[in-house]
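Architecture at a glance
Residue-level listing of the chains:
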Amino acid sequence: MAEETGILLESGTNELELLEFVVGNQHYGINVAKISELSPYQPPTLVPNAHEFIEGIFMPREEIITVIDLAKALGIRRSTDDGSKDMYIVTNFNRLRTAFHVQEVLGIHRVSWQDIAKPDSTINGNGKGIATGITKFGDKIIIVLDFEKIVSEINPETGLKLSEIEEMGERNRHDCTILIAEDSPLLLEMLKKCLIQAGYTHLIPTTNGLEAWNKLDRMMEEGAVIGKDVSLVITDIEMPQMDGHHLTKKIKTDARFDGLPVVIFSSLVNDEMRRKGESLGADAQLSKPEIGKLVHELDILLG
């Protein structure tokens, strides 16, 4: 029987619930907010000519869910156990439900994003790294994985729907300056490319909420003007050091940033997360594949 995950956190605390699991001999983590359920492993039905990462499909409650072999996606060997502890982590992000086959689920830790280190360039510098953060519990190092990137390697349109920008055709250039907080190097580059193509050419990229906050704080100390030197903030939710909800809270409770719109653009935008974002004062919230809707919201907020 599937085990529902229903842990709720107060908004803007810069904390997350991290599910620890094992593949091979390594311990990994995933934000509980991305999980819809945990289910015991059952051999999936094979799908001909599928991507090499896809193990097959299974159908809990008459719903077809794609199974990704996480060991294969990570390029590591499975441990030689009997498979009795194997589980499916069924995720729900980017409006997709996907099952990841892992070897064991160990438990849930409540942790601050401040305690999750950003991987350095030696780990993610080649553009192929799929670690979004690294943390430690006792003598165990836990790697927080970029599940969106794993899925986007199978189908790039799950990351950002670039076709939506291409369909817009030629657009006028805008003078507005947009600060972006996005920890995935791949998605940050894709987002910059899309916004520039949509006419938003003045961009300030940052790689997590803390870096974004420090940049904004420094700009204001140097006399920046809201609406001129910075016109809007786009932020992901899940980021090491400081998440997007905490960044939104800090901006919206600081009088220096009155009139600065904040748009949450994340794979985690669902009904629960939308309520959290609204309580923090976010001006718009969109799911990550919907780059066309993001540009439409920017046009309205910066019009």
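Residues numbered from 1 in each chain as written. Predicted model: local features only at pLDDT ≥ 70, side-chain atom pairs only at ≥ 80, totals over all residues. Heavy atoms only, no water.

A few words now on the confidence of the model for the protein. Of the residues in the protein, 92% have a pLDDT of 70 or more, and the chain-wide mean is 88. Taking the mean pLDDT of every element in the protein, the minimum, 46, falls on strand 1 (residues 3-4) and the maximum, 98, on strand 14 (residues 232-235). Note on residues 1-8: pLDDT is under 50 here. Beyond four places in sequence and across chains, it has 18 contacts. (pLDDT = per-residue confidence, 0-100. Helix = DSSP H or I, 4+ residues; strand = E, 2+ residues; numbered from the N terminus. Contact = heavy atoms within 4.5 Å.)

Viewed as axis vectors pointing N to C, helix 6 (residues 209-221) and helix 7 (residues 244-252) meet at an angle of 20°, and their least axial separation amounts to 9 Å. When the axes of helix 6 and helix 7 are compared, the pair comes out roughly parallel. Note that helix 6 runs across helix 7; the crossing there is right-handed. Facing helix 6, whose interface residues are Gly-209, Ala-212, Trp-213 and Leu-216, helix 7 presents Leu-247, Lys-250 and Ile-251. Of the residues in the contact of helix 6 with helix 7, the class split is five nonpolar, one polar and one charged. (Axes fitted to C-alpha atoms, helices over the stretch in contact; angles between N-to-C directions. Parallel < 35°, antiparallel > 145°, perpendicular 65-115°, else oblique. Left-handed = near helix turned anticlockwise from the far one by under 90°. Nonpolar A, V, L, I, M, F, W, Y, C, P; charged D, E, K, R; others polar.)

Another point: the sheet that holds strand 13 (residues 200-206). Backbone hydrogen bonds are what pair the strands of a sheet, in a parallel or an antiparallel way. With respect to topology, five strands assemble into an open sheet ordered 13-12-14-15-16, the strand pairing being parallel. In this open sheet, the two strands that pair with only one neighbour each are strand 13 and strand 16 (284-287). For this sheet, the mean angle separating the axes of adjacent strands, direction not counted, is 25°. Relative to strand 14, strand 12 (residues 174-181) runs parallel, the two sharing four bridges. From the neighbouring strand, Ala-181 faces strand 14, where its bridge partner is Thr-235. (Pairing = 2+ DSSP bridges.)

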